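Given next are the chains, with one letter for each unit.
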Amino acid sequence: MDIRTLARHLGLSIGTVSRALNDRKDVSPETRKRVIAAAATHGYIPNQSGRTLRSGRTGTIGFMLTLEHDSAIHGDPFFMALLEGLQNGLSEHDLDLVVLLARKGEDGLTFLRRHVARGTVDGWVLSGTHQADPRIDFLLDRAIPFVALGRTATARDYAWIDLDFEGVVTQAMALLTDAGHYRIGLVAPPVTINNSHIVVERYRTALSRAGLPFDPMLVHHGETDENDGEATARELMTLSDRPTALLLMGETAPVGAYRALRGMGLEPGRDVAVIGLRDNPACRALSPDLTCFTLNLDELGLALAQAVVSLLPGHRRPTEPLVQSLWVMDLRLGQSHAVVAGAPLDRGLTAAE
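Residues numbered from 1 in each chain as written. Predicted model: local features only at pLDDT ≥ 70, side-chain atom pairs only at ≥ 80, totals over all residues. Heavy atoms only, no water.

Brief notes about the pattern of salt bridges
Here is the rule: A carboxyl oxygen of Asp or Glu within 4 Å of a side-chain nitrogen of Lys or Arg is what we treat as a salt bridge. Put simply, DSSP H or I for four residues or longer makes a helix, DSSP E for two residues or longer makes a strand, and each gets a number counted from the N terminus. Each residue is placed in one exposure class: buried if its accessible area under a 1.4 Å probe, protein chains only, is under 20% of its type's maximum, exposed if it is over 50%, and partly exposed if it falls in between.
This model, assessed by the stated rule, comprises 17 salt bridges. R19 is paired through a salt bridge with D26; the nearest N and O atoms lie 3.3 Å apart. Salt-bridge contacts for R151 lead to E166; the nearest nitrogen and oxygen are separated by 2.8 Å. Linking R151 in the loop between β4 (146–149) and β5 (160–163) with E166 in helix α8 (residues 165–178), this pair joins segments that are 15 residues apart in sequence. A relative accessible area of 13% means that R151 is categorised as buried. Exposure remark for E166: the relative accessible area of 13% places this residue in the buried category. Residues joined by salt bridges that share partners form a network here, namely E226, E230, R234 and R259.

Section: unusual backbone geometry
Cis geometry marks the peptide bond from S287 to P288; its omega dihedral reads 5 degrees. Tracing the backbone through its elements, the reader meets P288 in the loop between β9 (273–278) and β10 (291–294). For A143, which is not glycine, the phi torsion reads 55 degrees and is therefore positive. With respect to the helices, strands and loops of the structure, A143 is situated in the loop between α7 (134–141) and β4. With a relative accessible area of 67%, A143 lands in the exposed category. For T224, which is not glycine, the phi dihedral falls at a positive 60 degrees. Residue position: T224 is located in the loop between β7 (219–221) and α10 (226–236). Relative accessible area serves as the criterion here: at 7%, T224 is assigned to the buried category.

Focus: the nonpolar core
Short version of the rule: By nonpolar core we mean a set of buried residues, namely Ala, Val, Leu, Ile, Met, Phe, Trp, Tyr and Cys, connected to one another through side-chain atoms within 4.5 Å. Domains are outlined according to an automatic or database domain assignment. Throughout, a residue-residue contact means that at least one pair of heavy atoms, one from each residue, lies within 4.5 Å.
F63, L86, L90, L186, Y203, M249 and L300 are the most contacted members of the largest nonpolar core, which totals 77 residues. Of the residues forming this core, the biggest block, eight residues, is contributed by helix α12 (residues 297–309). Counting the residues that make up this core, at least three belong to each of domain 1 (60–163 + 296–329) and domain 2 (165–294). Leaving out residues up to four positions away in the same chain, Y203 has contacts with V169, M173, I184, L186, F214, L218 and V219.

Focus: helix α5 (residues 78–91)
Basically, it comes down to this: One fewer than the residue count of a helix, multiplied by 1.5 Å, yields its expected span. Throughout, the arc means the angular range of directions from the helix axis out to the C-beta atoms.
Relative to the 20 Å expected for 14 residues at 1.5 Å per residue, α5 spans 20 Å between its end C-alpha atoms, a close match to the ideal helical length. Among all positions in α5, only F78, F79, L82, L83, G85, L86, G89 and L90 are buried. The buried residues of α5 occupy an angular sector of 165 degrees when the element is viewed end-on, so they sit on one face. With respect to the buried face of α5, the exposed residues turned more than 90 degrees away are M80 and E84.

Some details on the sheet that holds β5
Put simply, the rule is: Pairing between two strands requires that DSSP report at least two bridges joining them. Between N-to-C directions, angles span 0 to 180 degrees; the directions come from axes that are lines fitted to C-alpha atoms, helices contributing only their stretch in contact.
Across the sheet, which stays open at both edges, the six strands sit in the order β2-β1-β3-β4-β5-β11 with parallel pairing between neighbours. Two strands lie at the open edges of the sheet, namely β2 (96–102) and β11 (324–327), each paired on one side alone. Going from strand to strand, the sheet's axes swing by 20 degrees on average, the running direction of each strand aside. This element, α12, spans β1 (60–66), β3 (123–126), β4, β5 and β11 of the sheet and lies at about 150 degrees to β4.

Focus: the sheet that holds strand β6 (residues 184–188)
Picture the strands of a sheet paired through backbone hydrogen bonds; they go either parallel or antiparallel. The sheet built from six strands is open, its strands ordered β7-β6-β8-β9-β10-β12 with mixed pairing. Bordering the open sheet on either side are β7 and β12 (330–332), each of which pairs with just one other strand. Adjacent strand axes in the sheet meet at a mean angle of 15 degrees when their direction is disregarded. As judged from the three bridges shared by β10 and β12, these two strands associate in the antiparallel manner.

Below, the structure is given as structure tokens:
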């Protein structure tokens, strides 16, 4: 049954039926109840394509996920938990979430241009923000509502929520330098990703505060997934003056690092101190228990939903400041960082020993 047939059946105009179904205030409660009951009885389903053409809105928010660095393809549960909270937040406003995957190797701006031209969604949540990210200017120039999960180097004003990488690195490095570690390996995201620059800057600051030199040989930029964690840990531990501690800024990198260390006859938490980024399911089975950081992804998703909804037509308040906040992560102490710099690595044991 289409809306014309439903209106004819009720003896009402199409406009009245449409306003009743859309909960408009200019329809009496009795008429609204009658229309909704008849729609349910006769199986009327609104034509979303027609509604989109009439209103210019799709009722959806797009989450742009890239297969370059966003690590859902590496078994990383971060985004699945985040998206659940995001969808829950959007549902409160009768909006749906659409996850749009940019192909590996595809330019992010080209991908975004294509979907904006098609009018795929009403607003965007961007992830994997680069230090120089043309997507930000593209959306700002067109006044398209969006919130970024992450910061960029742009001087323009836009809505963003980012994890507090500054706090994470500062706390982790304090644990390690206070324990006497002066050779600390760092596994950071690719250099194009904005948080990689934040991580390295805070790493260098922490070394300086501890009176330690910065050695670029101890810093690795990569995918920070399990495979990268394993390969990088093995590479760092073959240095002539190898690290006594590892700081792994990736969701699943610690899993690979543990495997690499044990393959070299070294025990995490006893021979090498290890600190990871987040307490995620992939790392919870590690022994010794991983020292890392926690955050509520459901609440983060809800916050992103509220931020993007506040920018949609009918919700935007010009006097209200844009959301720009750091999402604090709490330190969770395990046993993997407990080793104090000294024996056995400082006695010069080799991997074979």
